[in-house]
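Letter by letter, the chains look like this.
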Amino acid sequence: MPVRNFSKYSDCSRAAEQLKNNPRHKGYLEQVSLKQLEKLFSFLRGNLWGQSLAETMEQIQRETTIDPEEDLNKLDDKELAKRKSIMDELFEKNQKKKDDPDFVYDIEVEFPQDEQLQSCGWDTESAEDF
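Quick summary incoming for the structure in this document. (Residues numbered from 1 in each chain as written. Predicted model: local features only at pLDDT ≥ 70, side-chain atom pairs only at ≥ 80, totals over all residues. Heavy atoms only, no water.)

**Section: the pattern of salt bridges**
Note the threshold: Put simply, a salt bridge is a Lys or Arg side-chain nitrogen that is within 4 Å of an Asp or Glu carboxyl oxygen. Helix numbering and strand numbering both begin at the N terminus, where a helix is a DSSP run of H or I of at least 4 residues and a strand a DSSP run of E of at least 2. For every residue, the accessible area obtained with a 1.4 Å probe (protein chains only) is divided by the maximum for its type, and the residue is called buried under 20%, exposed over 50%, and partly exposed between those limits.
By the definition in use, this model includes 6 salt bridges. A salt bridge links Arg83 to Glu79, with the nearest nitrogen and oxygen atoms 2.7 Å apart. Here Arg83 pairs with Glu79, and both are found in helix 5 (residues 77-94), just 4 residues apart, close to one helical turn. Residue classification places Arg83 among the buried residues on the basis of a relative accessible area of 11%. Classification of Glu79 by relative accessible area gives partly exposed; the value is 27%.

Following this line, the structure appears as structure tokens:
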């Protein structure tokens, strides 16, 4: 399966889509996910840029995980959409469905309270003041 017209400036997701949708390769790649092909093209692009395998793997890891300290308000639309798709995938992966063997419908959890709760000023007024 040759990879033609792919350079270090190519878009990995578009190249993966083109390869997966190619009628010649469709039969071979129907069991391979699009994300897996994108990752493969990312390794190829890293090699074309002269990166080592470890550097490329680290870069892919940074691109495919969410940093909880990152301010998503400062991202452009394309990067924000990428982060949202990563979060959606993670949600789908961790979601408990009705068909799962360890699914429980109504879970009630008691949270321990180590110290006395502080009351807020806004809720100390009585209803008579209204």
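Back to the write-up after that little detour.
**Side note on the packing of helix 3 (residues 34-48) against helix 4 (residues 53-64)**
The cut-off we apply is this: Angles run from 0 to 180 degrees between N-to-C directions of axes, and those axes are lines fitted to C-alpha atoms, restricted for helices to the stretch in contact. Note that the term roughly parallel is reserved for angles under 35 degrees, roughly antiparallel for angles over 145, roughly perpendicular for angles of 65 to 115, and oblique for everything else. In this scheme the crossing of two helices becomes right-handed for a clockwise turn of the near helix relative to the far one and left-handed for an anticlockwise turn of less than a right angle. We call two residues in contact whenever any of their non-hydrogen atoms come within 4.5 Å of each other.
Where helix 3 contacts helix 4, the axes come no closer than 9 Å and their chain directions differ by 135°. Regarding the angle of helix 3 to helix 4, the classification is oblique. By crossing handedness, the relation of helix 3 to helix 4 is classed as right-handed. Listed contacts from helix 4 to Lys39, Ser42, Phe43 and Gly46 of helix 3 are Leu53, Thr56, Met57 and Ile60.

**Section: a nonpolar patch on the surface**
Condition: Candidates for patches are residues over 30% relative accessible area with no salt bridge; among them, like charges are joined within 9 Å and nonpolar side chains (Val, Leu, Ile, Met, Phe, Trp, Tyr) within 5 Å. Computed with a 1.4 Å probe, the accessible areas rest on the Shrake-Rupley method; for each residue, only the protein chains presented here act as cover.
A contiguous nonpolar patch, built from Val104, Ile107, Val109 and Phe111 and spanning about 450 Å² of accessible area, is present on the exposed surface. Along the chain, Val109 falls in the segment after helix 5.

**A look at helix 3**
The condition that has to hold: Every helix has an expected span of 1.5 Å times one less than the residues it contains.
Compared with an ideal rise of 1.5 Å per residue, which puts 15 residues at 21 Å, helix 3 spans 21 Å between its outermost C-alpha atoms and is within 8% of the ideal. Buried within helix 3 are the following residues: Leu37, Glu38, Phe41, Ser42 and Gly46. Tucked inside the fold, the buried residues of helix 3 contact helix 1 (12-21), helix 2 (26-29) and helix 4. Of the residues one or two after helix 3, Gly50 is the one with positive phi, at around 90°.

**As for the side chain of Ser42**
Position of Ser42 among the secondary structure elements: in helix 3. Leave out the neighbours within four places in its chain, and Ser42 touches Cys12, Thr56 and Ile60.

What is shown is where atoms sit, not what they do.
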